[in-house]
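Fold and contact review
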Amino acid sequence: MEGPRVGIVTAASKGLGRAVALELAKSGVHLVVASRDAGRIEAAAAAIREETGVEVVPAAADVSSKDGIERIVQTAADRFGRVDILVNNAGGPPAGTFEQFDDAAWYAAFELNLMSVVRATRLVVPLMKRQGGGRIINLTSTSVKQPIPNLVLSNTVRAGVAGLTKTLSIELAPYNILVNNVAPGRIDTDRVRELDQMTADRTGEPVDQVQSRWFDQIPLGRYGTPEEFAKVVAFLCSPAASYLTGLTIPVDGGLTKGL
């Protein structure tokens, strides 16, 4: 392959997406980074560009819409002419139990967390086939291994992503397109802090007590950092991971108890 690799990272204005984008940029990957918030994604792109010296192009788009996904991939195709890495990331659907959600909530979760992956993958696969390979990484959740209480929408829809990933890993292997999931556990992000605060509000206990209960369940005794998570994603995108596909890798400090 000639020239630098090119990656797309969605939901990259903050949290896990931004950490992944920065880690890829540090390894020399040129990027298209996307978010619904134009101001935030432009600021994130500028910061990553300044820190790493690679080209980082912002794209303001909503990954839960077909038009948004098309805009992101077209931005990469127009600017760079190729896509070597696709990191599918999106915010999680609302917390809650089964009886709280109507059809509209289910369809919204489906569009946000499953169809965003389907649509982006559909658009990059022809480019990757033409190039002779690529990497697709889906950021999911440890809920695909062990359901998380009060997250019925995420538990259900993200499990669909796990099934899609395994299927794609088989279908796309002949084209050297490797497809994997990386499943964050309790990583110190705005999303996890929000979930902890919601639990505290529901139970009436202090938020630090909620966190302490989680620490007790995590063998490493703490939340992970976005940087720790991002390094795993970057590894899967690197030449060192050339024989890994169809995996779901929890980054969770040992929280998930299944074999």
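Residues numbered from 1 in each chain as written. Predicted model: local features only at pLDDT ≥ 70, side-chain atom pairs only at ≥ 80, totals over all residues. Heavy atoms only, no water.

Let's shift gears to the environment of Y175. Along the chain, Y175 turns up in the loop between α5 (152-172) and β6 (177-184). Since its relative accessible area comes to 38%, Y175 is described here as partly exposed. Sequence spacing of Y175 and G133 is 42 residues, and the spatial spacing of their C-alpha atoms is 5.8 Å. (Helix = DSSP H or I, 4+ residues; strand = E, 2+ residues; numbered from the N terminus. Buried < 20%, exposed > 50% of the residue type's maximum accessible area, 1.4 Å probe, protein only.)

All right, on to the sheet that holds strand β7 (residues 248-251) then. Here seven strands make up an open sheet; going across it, the order is β3-β2-β1-β4-β5-β6-β7 and the pairing parallel. The open sheet has two edge strands, β3 (56-60) and β7, and neither has a second partner. Strand-to-strand, the axes of this sheet are offset by a mean angle of 15 degrees, without reference to chain direction. The strands that helix α3 (residues 66-80) touches are β1 (6-9), β2 (30-35) and β3; relative to β2, the one it contacts most, it runs at about 155 degrees. (Pairing = 2+ DSSP bridges. Axes fitted to C-alpha atoms, helices over the stretch in contact; angles between N-to-C directions. Contact = heavy atoms within 4.5 Å.)

Another point: helix α6 (residues 190-203). The end-to-end C-alpha separation of α6 is 20 Å, in line with the 20 Å expected for 14 residues at 1.5 Å each. Burial in α6 covers these residues: V192, L195, D196, T199 and A200. Considered in projection along α6, the buried side chains sweep an arc of 140 degrees and stay on one side of the axis. Among the exposed residues of α6, those pointing more than 90 degrees away from its buried face are D201 and R202. In this structure, the buried residues of α6 make contact with α7 (207-217). After α6 finishes, the residue G204 shows a positive phi value of roughly 80 degrees. (Expected span 1.5 Å × (residues − 1). Arc of directions from axis to C-beta.)

By the definition in use, this model includes two aromatic pairs. Their ring planes at 80 degrees and their centres at 5.0 Å tell us that F215 and Y223 sit as a pair that is edge-to-face. Since its relative accessible area comes to 9%, Y223 is described here as buried. The ring centre of F80 lies 5.3 Å from the NZ or CZ of R79, which sits over that ring. When the ring centre of Y175 is taken as reference, the NZ or CZ atom of K129 above it lies at 4.2 Å. (Phe/Tyr/Trp six-rings, centres within 6.5 Å; stacked < 30°, edge-to-face > 60°. Lys NZ or Arg CZ within 6 Å of the ring centre and 35° of its normal.)

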